[in-house]
Amino acid sequence: MSVDEQAMGVEVMQNGARWFRMVDLSHPLSFHTPGWVGYPGMKQYYTQTLQTNRVVSQRIETSLHVGTHIDAPLHLTPGGADMASIGLDRLVHEGVVVDISDAVGPFDEIKPHHITDRIDVKSGDVVIYHTGFAAHYLGGEKEDLTTYMCRHPAGGRELAEWIVEMGLSWTGSDTGSADHPMNTTIKQMRPDIRAEYERTLDMSLEERWPDEDLFVMHRVPFPHNIVHAENVGGDLASIGTARCVIGAFPWKFIGGEASICRIIAFFQ
């Protein structure tokens, strides 16, 4: 199969006729895959080998916030639901993929109009927005993990409140966090990048991103059981802007505050 054919997705056939087409929106996972800023990456071990045990088995140690993953409300909500509590009817739902890569760039705030100017969004939809920053991810054509993790565009309070008003099923982005990097603890971990960002502002960072709004894209939707996926990737760029069915397939993880997952867009 050629690269172009892969970008078109995988067709599922039934009785000789095309049933639907699947497009993978997930990054490959390996011990090279970076964790979120300050989080360790994955460790992979062989516990048995063919030459010794006649079988191959492996063990991994990993943060849950590595690669394409989805957060549960428990991640930032006191008493919030765990991964096992998120029903399939929310995880697999009609929705939209929206290409806003020509409208946002480094450090920009994503607003609801960036999405609604391009496509109609219905109450209950899944919404995945493509910023173009997946190109800076590991193995991307513009690979630069510092830019990917620390300079990406993201939503603020306006987008977070719109997500709740719309009663969306979940959202996803091709960035290291749904929150603006300077509205996360990255602003303490990377004072050099904070200084770089502050030079673009005509106000203090505290005025631009008040401390009470820290992680606002997590803290506002999560109490309403509206979660999000981060590090969406794969063949996302091949879709453009379209309506489809979107499915996220995390572990059915009791007590889990997040999960590595596979995300698929389904087209008739």
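Quantities reported herein were computed from a predicted structural model and do not represent experimental measurements. (Residues numbered from 1 in each chain as written. Predicted model: local features only at pLDDT ≥ 70, side-chain atom pairs only at ≥ 80, totals over all residues. Heavy atoms only, no water.)

## A word on the overall build of the chain
Then step 1. Regarding its fold elements, the chain presents ten helices and 13 strands.
Then step 2. Its C-alpha radius of gyration of 19 Å places the chain within 12% of the 18 Å reference for a compact globule of 268 residues.
Then step 3. Along the first, second and third principal axes, the C-alpha set of the chain runs to 60 × 45 × 40 Å.
Then step 4. Counting across all 268 residues of the chain, residues that qualify as buried make up 51%.
Then step 5. By sequence separation, contacts in the chain at least 24 residues apart represent 73% of the contacts at least 6 residues apart. (Helix = DSSP H or I, 4+ residues; strand = E, 2+ residues; numbered from the N terminus. Rg over C-alpha atoms; globule rule 2.2 N^0.38 Å. Buried < 20%, exposed > 50% of the residue type's maximum accessible area, 1.4 Å probe, protein only. Contact = heavy atoms within 4.5 Å.)

## Looking at the confidence of the model for the chain
Then step 1. Summing up the model confidence of the chain, the mean pLDDT is 95 and the portion of residues at 70 or higher is 95%.
Then step 2. Low pLDDT (under 50) marks residues 1–7, which in the prediction has four contacts with non-local residues, meaning those over four places away or in another chain. (pLDDT = per-residue confidence, 0-100.)

## Some thoughts on the environment of Pro250
Then step 1. Along the polypeptide, Pro250 turns up in strand E12 (residues 242–250).
Then step 2. A relative accessible area of 18% places Pro250 in the buried class.
Then step 3. For the pair Pro250 and Trp19, spaced 231 residues apart in the sequence, the C-alpha separation amounts to 24 Å.
Then step 4. Leaving out residues up to four positions away in the same chain, Pro250 has contacts with Ile70, Met83, Leu91, Ser259, Ile260 and Cys261.

## Brief notes about the pairing of strand E11 (residues 227–230)
Then step 1. Where burial is concerned, the two faces of E11 agree: the one with Val227 and Ala229 and the one with His228 and Glu230 are both buried.
Then step 2. Two elements, strand E5 (residues 69–71) and E11, share two bridges in a ladder whose sense is antiparallel. From the neighbouring strand, His69 faces E11, where its bridge partner is Glu230.
Then step 3. Of the pairings in the sheet, the one linking strand E10 (residues 170–173) to E11 comprises three bridges and is parallel in character. Directly across from Thr171, in E11, lies its bridge partner His228. (Pairing = 2+ DSSP bridges.)

## Focus: the pattern of salt bridges
Then step 1. Tallied over the full model, the rule gives 15 salt bridges.
Then step 2. Put simply, Asp125 and Arg243 hold a salt bridge, and the shortest N to O gap is 2.7 Å. Taken together, the positions of Asp125 in the loop between helix H4 (112–116) and strand E8 (126–130) and Arg243 in strand E12 put the pair 118 residues apart, joining distant regions of the chain.
Then step 3. Among the ionic pairs, Arg157 bridges to Asp213, the shortest N-O distance being 2.7 Å. (Salt bridge = Lys/Arg side-chain N within 4 Å of Asp/Glu carboxyl O.)

## Topic: a nonpolar patch on the surface
Then step 1. Taken together, the side chains of Tyr46, Leu50 and Val56 define a hydrophobic patch exposed on the protein surface, amounting to about 330 Å² of accessible area.
Then step 2. Within the secondary structure layout, Tyr46 lies in strand E3 (residues 43–48). (Patch = residues over 30% accessible without salt bridge, like charges linked within 9 Å, V, L, I, M, F, W, Y side chains within 5 Å. Areas by Shrake-Rupley, 256 points an atom, 1.4 Å probe, with all protein chains shown as cover.)

## Quick notes on helix H6 (residues 157–166)
Since the α-helix advances by 3.6 residues per turn, residues separated by three or four positions end up pointing in the same direction.
Then step 1. When H6 is considered as a whole, its buried residues turn out to be Leu159, Ala160, Trp162, Ile163 and Met166. The arc that holds the buried residues of H6, viewed along the axis, is 160°, so those residues lie on one side.
Then step 2. Of the residues trailing H6, Gly167 is marked for its positive phi of about 60°. (Arc of directions from axis to C-beta.)

## A closer look at the packing of aromatic side chains
Then step 1. Counted by the stated rule, this structure contains six aromatic pairs.
Then step 2. Plain terms: the ring middles of Trp36 and Tyr39 are 5.5 Å apart, the flat faces sit at 75° to each other, and that makes the pair edge-to-face.
Then step 3. Residue Trp36 is classed as buried on the basis of its relative accessible area of 10%.
Then step 4. Between the aromatic rings of Tyr137 and Tyr148, the centroid separation amounts to 5.1 Å while the plane-to-plane angle is 70°, which identifies the pairing as edge-to-face. Taken together, the residues Tyr137 in the loop between E8 and helix H5 (145–150) and Tyr148 in helix H5 connect sequence positions eleven residues apart.
Then step 5. Here the aromatic cluster, defined as three or more aromatic residues joined through ring pairs, consists of Trp36, Tyr39 and Phe215.
Then step 6. Between Arg21 and the ring centre of Phe267, over which it is positioned, the NZ or CZ distance is 4.7 Å. (Phe/Tyr/Trp six-rings, centres within 6.5 Å; stacked < 30°, edge-to-face > 60°. Lys NZ or Arg CZ within 6 Å of the ring centre and 35° of its normal.)

## Considerations on the side chain of Glu109
Then step 1. Position of Glu109 relative to the elements: it lies in strand E7 (residues 109–110).
Then step 2. Residue classification places Glu109 among the buried residues on the basis of a relative accessible area of 15%.
Then step 3. Contacts of Glu109, omitting those with residues within four sequence positions, involve His114, Ala154, Gly155, Gly156, Arg157, Arg208 and Trp209.

## Focus on helix H8 (residues 191–198)
Then step 1. Listed as buried for H8 are Ile193, Arg194 and Tyr197. Along the axis of H8, the buried positions cluster into a sector of 105°, meaning they face one direction only.
Then step 2. On its buried face, H8 sits against H5, helix H7 (186–189) and helix H9 (205–208).

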